[in-house]
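Now for the letters of each chain:
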Amino acid sequence: APEPGAGWSARLSTASLIDAARRASFEAGSVGFGVWVDPRDLRFDGDTFTLDLRIWRVAGFGWWRDYRVEGRTAWMDQQLTLTADQAFERAQSSGAGLVDPLAALLESRILKLLATSVSAALPSSRTEDIGGVRATWTLDRLQTEGPDLLAFGSARFDTIAP
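Residues numbered from 1 in each chain as written. Predicted model: local features only at pLDDT ≥ 70, side-chain atom pairs only at ≥ 80, totals over all residues. Heavy atoms only, no water.

Trainee: Give me the sheet that holds strand β5 (residues 79-92): which residues, what numbers.
Mentor: Spatially, 5 strands are ordered β2-β3-β4-β5-β6 in an open sheet, and the strand pairing comes out antiparallel. Of all strands in the sheet, those bounded by a partner on one side alone are β2 (35-45) and β6 (120-123). On average, each strand axis in the sheet is tilted by 30 degrees relative to the strand beside it, whichever way the strands run. Bridging between strand β3 (residues 48-57) and strand β4 (residues 63-76) involves 10 bridges; their strand directions are antiparallel. By the bridge assignment, W56 is partnered in β4 with W64. (Pairing = 2+ DSSP bridges. Helix = DSSP H or I, 4+ residues; strand = E, 2+ residues; numbered from the N terminus. Axes fitted to C-alpha atoms, helices over the stretch in contact; angles between N-to-C directions.)

Trainee: An account of helix α1 (residues 14-28) is requested, with residue identities and associated values reported.
Mentor: Compared with an ideal rise of 1.5 Å per residue, which puts 15 residues at 21 Å, α1 spans 21 Å between its outermost C-alpha atoms and is within 8% of the ideal. Looking only at α1, the buried set comprises T14, I18 and S25. On an axial view of α1, the arc spanned by its buried residues comes to 30 degrees, and they lie on one face. Residues R23 and E27 are exposed on α1 and point more than 90 degrees away from its buried face. Lining the buried residues of α1 we find β1 (7-13), β2 and β9 (148-159). (Expected span 1.5 Å × (residues − 1). Buried < 20%, exposed > 50% of the residue type's maximum accessible area, 1.4 Å probe, protein only. Arc of directions from axis to C-beta. Contact = heavy atoms within 4.5 Å.)

Trainee: Residues and numbers for the side chain of D38, please.
Mentor: Take D38: it is sitting in strand β2. Here R22 takes part through its side chain, which lies 2.5 Å from a polar atom of the side chain of D38. Discounting residues that sit within four places of it in the chain, D38 has contacts with R22, F26, D52, L53, R54 and W56. (Polar contact = N/O pair within 3.5 Å; in protein donor to acceptor, adjacent residues only side chain to side chain.)

Trainee: Help me get a handle on the packing of aromatic side chains, residues and values and all.
Mentor: Scanning all chains against the criterion turns up 2 aromatic pairs. A centroid spacing of 6.3 Å and a plane angle of 90 degrees characterise the contact between W137 and F157, whose relative ring orientation is edge-to-face. Here W137 is found in strand β8 (residues 133-145), whereas its partner F157 is found in strand β9, with 20 residues between them in sequence. The partly exposed category is assigned to F157, whose relative accessible area is 22%. Directly above the ring of W63 sits R65, whose terminal nitrogen or CZ lies 4.5 Å from the centroid. (Phe/Tyr/Trp six-rings, centres within 6.5 Å; stacked < 30°, edge-to-face > 60°. Lys NZ or Arg CZ within 6 Å of the ring centre and 35° of its normal.)

Trainee: How would you sum up the side chain of R54? Please name residues and give values.
Mentor: Mapped onto the elements of the fold, R54 is located in strand β3. For R54, a relative accessible area of 14% puts it in the buried group. A distance of 2.6 Å separates polar atoms of two side chains, one belonging to R54 and the other to D66. Setting aside residues up to four positions removed in sequence, R54 forms contacts with W36, V37, D38, R40, W64, R65 and D66.

Read these as spatial facts, not as claims about activity.
Right, dumping it as structure tokens:
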């Protein structure tokens, strides 16, 4: 059979990706003090990303606050690196400051913690041996288009000795 082409692309519903991230976040549990992190949206545009989060405090009277984290993406050493540059509060439940004045007082610290916590390095390449062929798939670019996340990459197929 002819060798497949070297490029590939995939379209994934951003809502589905966020649902999977929300499930993983809630399975991981509280980050402490009855506070839970709830991913709400993720967008990629060129070499930047935007992540919207809702922070819930379910203990006591409870509250929520919405935050946005903005940062840069980089592709190097077979990794996608996310580096957050800034975080800011976008909204909060009514009375959130009155219910939990400590969180209101520590707002700048919370924003700094969010920005540093979102920074990460993720693998962007995978190699598998399948029936005498070594296949390597590499993710090269992410882009948001409407409600979808588009992934673009390259592939390499090498025959290996049995």
